[in-house]
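Residues per chain, in single letters:
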Amino acid sequence: MRRARRRRPSPVRRPRRGRDGSSRGLLVQVGAGTVQHVPGERVQIVQPCGGQRGRRPGEEVSERAVQREGEGAGVRGPGRQPGRAQQASVRGEVVGADGIHSAVRTALFGSRSGVRTLGTTVWIGIADFETGVHGETWGDGRFFGITPVEPGRTNWYATVPAGTTADGLRAAFDGWHDPIPRILAETDPAGWIRYEMRHLHPALPSCTDGRRTVLVGDAAHAMTPNLGQGACTALLDAEALGRAVAARGRAGLPAALRAYDRERRRSAQRVAFGSRTLHRFGSARRPALRDALVGLLPG
Ligand SMILES: Cc1cc2nc3c(=O)[nH]c(=O)nc-3n(C[C@H](O)[C@H](O)[C@H](O)COP(=O)(O)OP(=O)(O)OC[C@H]3O[C@@H](n4cnc5c(N)ncnc54)[C@H](O)[C@@H]3O)c2cc1C
């Protein structure tokens, strides 16, 4: 897929708006600071040879996430170490904003929901030149994305079956359209980042114990990065939780946590499902049906 900027905002998949009607307004409202907002992008879907398959609308918001913890409350145990989080316990009023390996989630739900890998790896890097081409290209079991980052540089990511080495990565995209092989040949693997694709599975039945502990962000619904919505969704959680608690006060905390759960859980889980589905589509190993379906998307 290639991303081409347009001025008009996309008519679908908009994140919740702030008081001024914009995502920027919402992010400023929750105290997220300076906001970069790239509105109304449309995305082209491209084949390895460079031919266009279809288009889809898209929108992207990027900003640092927000984390708060109740005074005198907290998580006990080695929650930062994946696999050892089972020993954690919570006391007091706790907002579990502790990411995909959340110790707070484990304390609330045990191992009924956990981190699941998808058998693919994404490699990420930055090329020291501009390509003039932005978007994602889908092939057989792998895909390659190129996005703008700043003048003179290009952000790229490549998803391949798990276990692929840096040399294997170059081989996997050999023969794909320009600038993909050029980007891989001309950037140093020492600067590449590797991430095993994973998400939270199965979806949680609740984001709260309904009394004084609540989960937000990846702790509640870690998703694959394919829609670029994980941090955006975490911010929406933070805003909704803050609003629910402010409206009911300390005495109404259980009701506020349940209201937050009603407002955010299913919505966030739908985004996670969409992101995982897009991952499956992009990395399909028998892509004929996928390619035919993508070709039917409205241009
Ligand atoms: C490759 C990749 C690309 C992505 N691209 C995008 C994108 O384009 N757009 C987007 O919106 N999202 C994107 N995301 C998702 C985004 O990074 C996450 O959804 C987001 O960081 C989740 O925020 P969080 O605060 O919930 O969790 P985290 O960012 O994981 O923060 C959790 C924090 O809790 C701390 N912590 C953990 N355990 C404990 C403990 N026991 N006690 C105290 N602190 C603890 C951690 O150190 C960490 O600082 C991407 C993710 C990946 C992997």
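Residues numbered from 1 in each chain as written. Predicted model: local features only at pLDDT ≥ 70, side-chain atom pairs only at ≥ 80, totals over all residues.

What is the right way to read the overall build of the protein from this model?
Looking only at helices and strands, one finds 8 helices and 12 strands in the protein. The buried share of the protein, taken over its 299 residues, is 35%. Restricting the contact set of the protein to residue pairs at least 6 apart, pairs at least 24 apart contribute 64%. (Helix = DSSP H or I, 4+ residues; strand = E, 2+ residues; numbered from the N terminus. Buried ≥ 20, exposed ≤ 12 C-beta atoms within 10 Å, placed from the backbone. Contact = placed C-beta atoms within 7 Å.)

Looking at this structure, how should I read the nonpolar core?
Grouped together as the largest cluster of nonpolar side chains are 33 residues, with contacts concentrated most on Val104, Val214, Leu215, Val216, Ala220, Leu241 and Tyr260. Elements with a contribution of two residues or more to this core: strand 6 (94-96), helix 2 (103-109), strand 12 (213-215), helix 5 (218-221), helix 6 (230-248) and helix 7 (253-282). For this core, the element with the highest residue contribution is helix 6, accounting for 9 residues. Counting residues in each nonpolar core, the second largest holds 17 residues, with Ala127, Phe143, Ile183 and Leu184 among its members. (Core = buried A, V, L, I, M, F, W, Y, C linked by C-beta atoms within 7 Å.)

Would you mind showing me how to read the confidence of the model for the protein here?
Parts of the prediction with low pLDDT should not have their coordinates interpreted in detail. For the protein, per-residue confidence averages 79 on the pLDDT scale, and 72% of positions sit at 70 or higher. At the level of individual helices and strands, the protein shows its lowest average pLDDT in strand 1 (residues 2-4), which scores 41, and its highest in helix 5, which scores 98. Segment residues 30-41: pLDDT under 50, and 36 contacts once partners within four positions in sequence are set aside and those in other chains are kept. pLDDT under 50 marks residues 56-75. Its contacts with residues more than four places away, or in other chains, come to 65 contacts. (pLDDT = per-residue confidence, 0-100.)

Explanation requested: unusual backbone geometry in the structure shown.
Comment: phi is negative for the bulk of residues other than glycine, and the bulk of peptide bonds are trans. Of the consecutive residues aspartate 178 and proline 179, the connecting peptide bond is found in the cis state with omega at 10°. Structurally, proline 179 can be placed in the loop between helix 3 (166-172) and helix 4 (180-186).

Explanation requested: helix 7 in the structure shown.
Turn by turn, an α-helix covers 3.6 residues, leaving residues three or four places apart pointing in a common direction. For helix 7, with 30 residues, the first-to-last C-alpha span of 42 Å sits near the 44 Å given by 1.5 Å per residue. When the local axis directions of helix 7 are compared, the greatest deviation, roughly 30°, occurs at arginine 264. All of the buried residues in helix 7 are Ala256, Leu257, Tyr260, Asp261, Arg264, Arg265, Ala268, Val271, Ala272, Ser275, His279 and Gly282. (Expected span 1.5 Å × (residues − 1). Bend = angle between axes of the 7 residues up to and from the residue.)

What is the right way to read the packing of helix 6 against helix 7 from this model?
To characterise two packed helices, one gives the angle between the axes of the helices and the distance between these axes. Two elements in contact, helix 6 and helix 7, have axes whose closest approach is 8 Å; the angle formed by their N-to-C orientations is 160°. It follows from the interaxial angle that helix 6 and helix 7 lie roughly antiparallel. Where helix 6 crosses over helix 7, the two elements pack in a sense that is right-handed. Two secondary-structure elements touch here, helix 6 through Thr233, Leu236, Asp237, Ala240, Leu241, Ala244, Val245, Ala247 and Arg248 and helix 7 through Leu253, Ala255, Ala256, Ala259, Tyr260, Glu263, Arg264, Ala268 and Val271. (Axes fitted to C-alpha atoms, helices over the stretch in contact; angles between N-to-C directions. Parallel < 35°, antiparallel > 145°, perpendicular 65-115°, else oblique. Left-handed = near helix turned anticlockwise from the far one by under 90°.)

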